[in-house]
Amino acid sequence: YTPFTLKFFGKNISVLDSGSFLGVYQEIFVNEIYKFTPSSKKSKPIIIDCGSHIGVSIMYYKRYLPDSEIISFEADPDIYQVLKNNIESVSLKDIQCHNKAVWDNNDGIQFTKEGGASGTISTFRPETQDNIVVIPTVRLKNILEEFESIDFLKMDIEGAEVEVMRDCANSLDKVERIFIEYKKRIM
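### A short note on helix H3 (residues 77–89)
- Between the first and last C-alpha of H3 there are 18 Å, a value that for 13 residues agrees with the 18 Å anticipated at 1.5 Å per step.
- Taken together, the buried positions of H3 are occupied by Ile79, Tyr80, Val82, Leu83, Asn86 and Ile87. The buried residues of H3 occupy an angular sector of 160° when projected down its axis, which confines them to one face.
- Residues of H3 that are buried in the fold lie against strand S2 (11–15), helix H2 (56–64), strand S4 (69–73) and strand S5 (95–98).
- Taking the backbone nitrogen of Asp78 as reference, a side-chain oxygen 2.8 Å away marks Asp76 as the first, capping residue of H3.
- Positioned one or two residues after H3, Ser91 has a phi angle of 60°, which is positive.

### As for the sheet that holds S5
- If you walk across this open sheet you meet the five strands as S5-S4-S3-S11-S12, and the pairing is parallel. If you trace the sheet from one side to the other, it starts and ends with S5 and strand S12 (175–180), each paired once. Geometrically, the sheet is characterised by an average inter-axis angle of 10° between neighbouring strands, direction not taken into account.
- Looking at chain direction, S4 and S5 are connected through four bridges and run parallel. Within the sheet, the bridge partner assigned to Ser72 lies in S5 and is Cys97.
- The sheet contacts of H3 involve S4 and S5, and relative to S5 the element is tilted by about 165°.

### Some words on unusual backbone geometry
- Positive phi, close to 50°, is recorded for Phe9, a residue that is not glycine.
- Of note, Phe9 is situated in the loop between strand S1 (4–8) and S2.
- Relative accessible area serves as the criterion here: at 43%, Phe9 is assigned to the partly exposed category.
- Located in the positive-phi region is His53, a residue other than glycine, with phi close to 50°.
- By the element assignment, His53 lies in the loop between strand S3 (46–50) and H2.
- By relative accessible area, His53 is classed as buried at 14%.

### Concerning the pairing of S3
- Counting buried residues along S3, five of its five residues qualify, which places the element largely inside the surrounding structure.
- Residues Ile46, Ile48 and Cys50 of S3 are buried on one face, and the alternating residues Ile47 and Asp49, pointing to the opposite face, are buried as well.
- Bridge analysis of S3 against S4 gives five bridges, and the strand direction is parallel. What sits directly across from Asp49, in S4, is Ser72.
- Between the parallel pair S3 and S4, the chain is carried across by H2, and the sense of this crossover is right-handed.
- The pairing of S3 with strand S11 (residues 150–155) spans four bridges and is classified as parallel.

Quick notes on the rules
- Residues numbered from 1 in each chain as written.
- Predicted model: local features only at pLDDT ≥ 70, side-chain atom pairs only at ≥ 80, totals over all residues.
- Heavy atoms only, no water.
- Helix = DSSP H or I, 4+ residues; strand = E, 2+ residues; numbered from the N terminus.
- Expected span 1.5 Å × (residues − 1).
- Buried < 20%, exposed > 50% of the residue type's maximum accessible area, 1.4 Å probe, protein only.
- Arc of directions from axis to C-beta.
- Contact = heavy atoms within 4.5 Å.
- Polar contact = N/O pair within 3.5 Å; in protein donor to acceptor, adjacent residues only side chain to side chain.
- Pairing = 2+ DSSP bridges.
- Axes fitted to C-alpha atoms, helices over the stretch in contact; angles between N-to-C directions.
- Right-handed = clockwise from strand over helix to strand, strands pointing away.

What follows is the structure in structure tokens.
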């Protein structure tokens, strides 16, 4: 995990490590795993990005849907600071960034900081007791219920997907498209 700065589409951004950045860049900009066509007639598509990491997904959305409104969540407090700095560095607008873990309640939770891309809720990795912090949580169901419709929901929340999806199942009809990167937990 060696952080560095690079020019990305003409702007300086911070990267936590080359390996995770190259993998994310390949998935998002080359393979376009988050590409979708909004079906709504809204002038500003609404995107909820759960697990925004350093903001590469947000930069992608804004390149091909520049008028989109994005609500972003990143749990790791250190990565969140990089995310915020990157969004400011590339001068992106209509983005709400939140330093919270997406979860099934708003009570807060213990989180294990990994240092790269794979921090997680501490109970998901009981074998690792280093780098644990208590972070605020946001109940995704409550966020979904604030909107009439959401064009795209991206969820990459390092193992919390099942609990969150169960909790917000009755509100998912508001979402046009969902991308979930699922992590199987061995417990």
